[in-house]
Protein chains: 2
Amino acid sequence: MERAPLSSSAVIAAAAELADAAGFEAVTLSAVARRLGVQAPSLYSHVRDREALLDGVAARALGELSERIATAIAGRAGRDALDGFATAHREFARDSPGRWQSLQRRAGDAVVRSDAARHIVTLNKAVLRGYDVPEDQHVHAVRLLGATINGYLALERIGGFDHSAPSPEVSWRKTVQALDALLRAWPTDPGENP
Amino acid sequence: MERAPLSSSAVIAAAAELADAAGFEAVTLSAVARRLGVQAPSLYSHVRDREALLDGVAARALGELSERIATAIAGRAGRDALDGFATAHREFARDSPGRWQSLQRRAGDAVVRSDAARHIVTLNKAVLRGYDVPEDQHVHAVRLLGATINGYLALERIGGFDHSAPSPEVSWRKTVQALDALLRAWPTDPGENP
DNA sequence: GGAGATCGCCTAATGGGTATAGGCTGCGGA
DNA sequence: TCCGCAGCCTATACCCATTAGGCGATCTCC
């Protein structure tokens, strides 16, 4: 175990790798310290406590996710952009399950207010530009998109689809198609007043 | 602390109450034992280990949720049934946050194969009866419904909507409305072949 | 009605986790 | 050269899960 000099971001990077390899709940200070060839208390020079470590992983994950989304929707619009957006999420969850999980918990202020968080919202709205959803409905559409995509991935992760046919893959495509149809014909109340 | 005689279901009931009061992650054998006025190791006569305890809470929660849904959609169809279904989920998550959280993790076989689990699927399909979704599309629709509703509640719980207006309540209504519109005009591929 | 088996709780003890306090060391700057 | 300190270490306290084994009350069976 060669020991590169520790630093806050090295510790967080190790935690992120561990999360992907062994599950988010396996991210303990002890385990990260072992992985770094160091004693657990040594980490407290670099992260305030376990919460901060987990928030660090979440912040990093958010950045990576936003990059993936950005390249996935660049130069696309409408259905293509939606596909890219959804696929980016799904592949992120598949490739980096631990980092993805790190996003499924209440995060600290630093994470919420991060550039990455803002960036994702922007990208989300960019997808909507390809549809005719009225401006004042964008929040709702963003929330719906997030809820459905995240919810689907969460259900898939906990095995909610393991006990019925067909494969989650098929329903996933159907789900994205449904979201496309929905955005294409966004329902409007008579006398809507957001 | 008067001590009612312990039993497997008494232990699980205490765990469920604790989950609602202090959060699902606070459900530890020690805490449950304290709440029951008993030493922690005593619980091992009634639950195999912590996993089993958590699964027990999930099974119980699933039963309660299915009851709520059943009464919420009884005698209703179409949009009314969908509203009832969605609202039942949301009120369950509001009234029993810990129990609701217990359902957001991979559950043991006993839970997955329980009557309650089967019941919920049945109720889910009952909602679809009020719409013209083709039979072979029901799985997809059930999965989409589950993903969106659960996903919305999960995002709401972790505070995903806390940093933008308007209130989650408004988007929730909009979301249910969107689901209704979607089921009403379920998109079909040319040459679909599930 | 009594002897003993059994059931259900207890105490003791282990191992791993978070977190704090304080020691030692080697490197950089004056 | 020598001092300071940054960064890792050991020691320690406390919490939690889990196993082993003890002990008393109750239940059973004769």
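Up top is the structure these notes are about.
Read on for an overview of the structure. (Residues numbered from 1 in each chain as written. Chains lettered and ligands numbered in written order. Predicted model: local features only at pLDDT ≥ 70, side-chain atom pairs only at ≥ 80, totals over all residues. Heavy atoms only, no water.)

### Quick notes on the interface of chain B and chain A
- Tallying the contact residues gives 41 residues for chain B and 41 residues for chain A.
- Carbon and sulfur atoms make up 61% of the area that chain B and chain A hide from each other, which totals about 3300 Å².
- Salt-bridge contacts for aspartate 162 of chain B lead to arginine 106 of chain A; the nearest nitrogen and oxygen are separated by 3.1 Å.
- Here the side of chain B that touches chain A is built from residues that sort into 18 nonpolar, 14 polar and nine charged. (Contact = heavy atoms within 4.5 Å. Buried area = accessible area lost by both parts, 1.4 Å probe. Salt bridge = Lys/Arg side-chain N within 4 Å of Asp/Glu carboxyl O. Nonpolar A, V, L, I, M, F, W, Y, C, P; charged D, E, K, R; others polar.)

### Considerations on the protein's contact with DNA strand C
- The local shell around DNA strand C holds 15 residues, among which Leu29, Ser30 and Arg50 of chain A together with Ser42 and His46 of chain B are the closest.
- One of the side-chain N or O atoms of tyrosine 44 of chain A is found 3.1 Å from a phosphate oxygen in DNA strand C.
- In terms of residues, the surface near DNA strand C owes the most to one element, helix H2 (residues 29–36) of chain A, which gives three residues.
- Per-class residue counts for the surface near DNA strand C are six nonpolar, five polar and four charged. (Near = heavy atom within 4 Å. Polar contact = N/O pair within 3.5 Å; in protein donor to acceptor, adjacent residues only side chain to side chain. Helix = DSSP H or I, 4+ residues; strand = E, 2+ residues; numbered from the N terminus.)

### Overview of the relation of the copies chain B and chain A
- Structural alignment of chain B on chain A gives an RMSD of 0.0 Å, achieved by rotating through 180 degrees and translating 0.0 Å along the axis. When the rotation and shift are considered jointly, the pair of chain copies conforms to a two-fold rotation axis.
- An overlap of 100% is found between the interface residues of chain B and their copies at the interface of chain A, pointing to a shared contact surface. (Least-squares fit on C-alpha atoms with pLDDT ≥ 70 in both.)

### Side note on the protein's contact with DNA strand D
- As a structural note, the neighbourhood of DNA strand D is formed by 15 residues, with Gln39, Ser42 and His46 of chain A together with Ser30 and Tyr44 of chain B the closest of them.
- At the protein interface, 70% of the atoms of DNA strand D within 4 Å belong to sugar or phosphate.
- A distance of 2.9 Å is found between a phosphate oxygen of DNA strand D and a side-chain nitrogen or oxygen belonging to tyrosine 44 of chain B.
- Here arginine 50 of chain B contributes a backbone N or O atom positioned 3.0 Å from a phosphate oxygen of DNA strand D.
- In terms of residue count, the dominant contributor to the surface near DNA strand D is helix H2 (residues 29–36) of chain B (three residues).
- A class-by-class count of the residues in the surface near DNA strand D yields six nonpolar, five polar and four charged.

### A look at the environment of histidine 119 of chain A
- By the secondary structure assignment, histidine 119 of chain A is in helix H7 (residues 115–129).
- In this view, histidine 119 of chain A contacts Ser66 and Ala70 of chain A; residues no more than four positions away in its chain are not counted.

### Notes on the packing of aromatic side chains
- According to the stated counting rule, one finds four aromatic pairs over all chains in the structure shown.
- Arranged with centres 4.8 Å apart and planes meeting at 50 degrees, the rings of tyrosine 152 of chain B and phenylalanine 161 of chain B form a pair that is tilted. Pair check on accessibility: tyrosine 152 of chain B and phenylalanine 161 of chain B agree, each one buried.
- An aromatic cluster is built from Tyr152, Phe161 and Trp172 of chain A, whose rings are joined through pairwise contacts. (Phe/Tyr/Trp six-rings, centres within 6.5 Å; stacked < 30°, edge-to-face > 60°. Buried < 20%, exposed > 50% of the residue type's maximum accessible area, 1.4 Å probe, protein only.)

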